[in-house]
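Observations on the model geometry
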Amino acid sequence: MAQRIDLNADIGESFGPWKMGNDADLMEIITSANIACGFHAGDPDTMARTMRMAVDKGVGIGAHPGFADLQGFGRRRMHLSPDELAHLVTYQLGAAQAMARAAGGKVRHFKLHGALANMASESADMARVCYEAALKVQPDLVIMVLAGTAMEQVVRALDCDWAGEIFADRAYNDDATLVDRSLPGAVIHDPDLAAPRILAMLKAGAIIAESGKHIPCRIDTICLHGDGATALALARTLKAELIGAGHAVQSL
């Protein structure tokens, strides 16, 4: 059944003279932008440019906080106390709010990055600390969660606005968590493979794991990673296939 679906990407990940991704081109395709907040990627100049592009293109702005791990791109697991975790989230969300406001926009959604997201998808306690910290700063945030995981359990209990997310370019385990990037097939680069896979999930109303297991879930938004070599081709193909199947690709 056709539905309204958001298409999001993790962007704003360049740092100084080092360029990551195809942000300007992706902004022409996506409906939501998860913008790095300077801890795992990005810097003030990159954030400002990316926020302005999002405002100009009418793309929804999201804060995308991660661990303080520039060298590891936020993909290395860290173990922080609840207070440290809350402060990490609060600090990055505040930076995103200021940059968005200066660009004439507003942060609308919130999505954890990398290892921070993977750990929160496995631990309801960790997800709760992150989400409560964010909602304390901005109660009307839409919390973007990995559908079917501990993250979803937490946002349902918090009774906040939330969006269930699936990934176009990542493989799934049987518990709805993402296959570790170090394993073969964890990252999907081929647009002609990714698009039919997503259409099948939307039709089933479920995540389809590598094993073939169906995990029923609410799907509001589809993510692709802006740093991938085929990200732009994947985004174009996926959007065209979604529209061709009758889905309305619109922001949250």
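Structure: see above.
Residues numbered from 1 in each chain as written. Predicted model: local features only at pLDDT ≥ 70, side-chain atom pairs only at ≥ 80, totals over all residues. Heavy atoms only, no water.

1. Re the side chain of arginine 197
- The residue arginine 197 is located in helix 7 (residues 191-204) in this model.
- Glutamate 210 provides the closest opposite charge to the buried, unpaired arginine 197, separated from it by 5.1 Å.
- A polar contact of 3.2 Å, which involves the side chain of arginine 197, links it to the backbone oxygen of alanine 168. (Helix = DSSP H or I, 4+ residues; strand = E, 2+ residues; numbered from the N terminus. Buried < 20%, exposed > 50% of the residue type's maximum accessible area, 1.4 Å probe, protein only. Lys, Arg positive; Asp, Glu negative; His and termini not counted. Salt bridge = Lys/Arg side-chain N within 4 Å of Asp/Glu carboxyl O. Polar contact = N/O pair within 3.5 Å; in protein donor to acceptor, adjacent residues only side chain to side chain.)

2. Thoughts on the packing of helix 4 (residues 114-122) against helix 5 (residues 124-137)
- Where helix 4 meets helix 5, the axes come as close as 5 Å, and the angle between the chain directions of the two elements is 120°. Relative to helix 5, helix 4 is oriented oblique. Across the interface between the two elements, Leu116, Met119, Ala120 and Glu122 from helix 4 touch Ala124, Met126, Ala127 and Cys130 from helix 5.
- Each residue belonging to the contact of helix 4 with helix 5 can be placed in one class, and the counts come to seven nonpolar, no polar and one charged. (Axes fitted to C-alpha atoms, helices over the stretch in contact; angles between N-to-C directions. Parallel < 35°, antiparallel > 145°, perpendicular 65-115°, else oblique. Contact = heavy atoms within 4.5 Å. Nonpolar A, V, L, I, M, F, W, Y, C, P; charged D, E, K, R; others polar.)

3. A closer look at helix 7
- For helix 7, with 14 residues, the first-to-last C-alpha span of 20 Å sits near the 20 Å given by 1.5 Å per residue.
- Looking only at helix 7, the buried set comprises Pro191, Ala194, Ala195, Arg197, Ile198, Met201 and Leu202. Burial along helix 7 is one-sided: seen end-on, the buried residues are contained in an arc of 165°. Across from the buried face of helix 7, at angles greater than 90 degrees, the exposed residues are Asp192 and Lys203.
- The inward-facing, buried residues of helix 7 abut strand 1 (4-11), strand 6 (162-167), strand 7 (206-208), strand 9 (221-225) and helix 8 (231-244).
- The backbone nitrogen of aspartate 192 lies 2.9 Å from a side-chain oxygen of the residue at the head of helix 7, namely aspartate 190.
- Among the residues trailing helix 7, glycine 205 stands out with phi positive, at a value near 65°. (Expected span 1.5 Å × (residues − 1). Arc of directions from axis to C-beta.)

Such coordinate-based values are descriptive only and should not be taken to indicate function.
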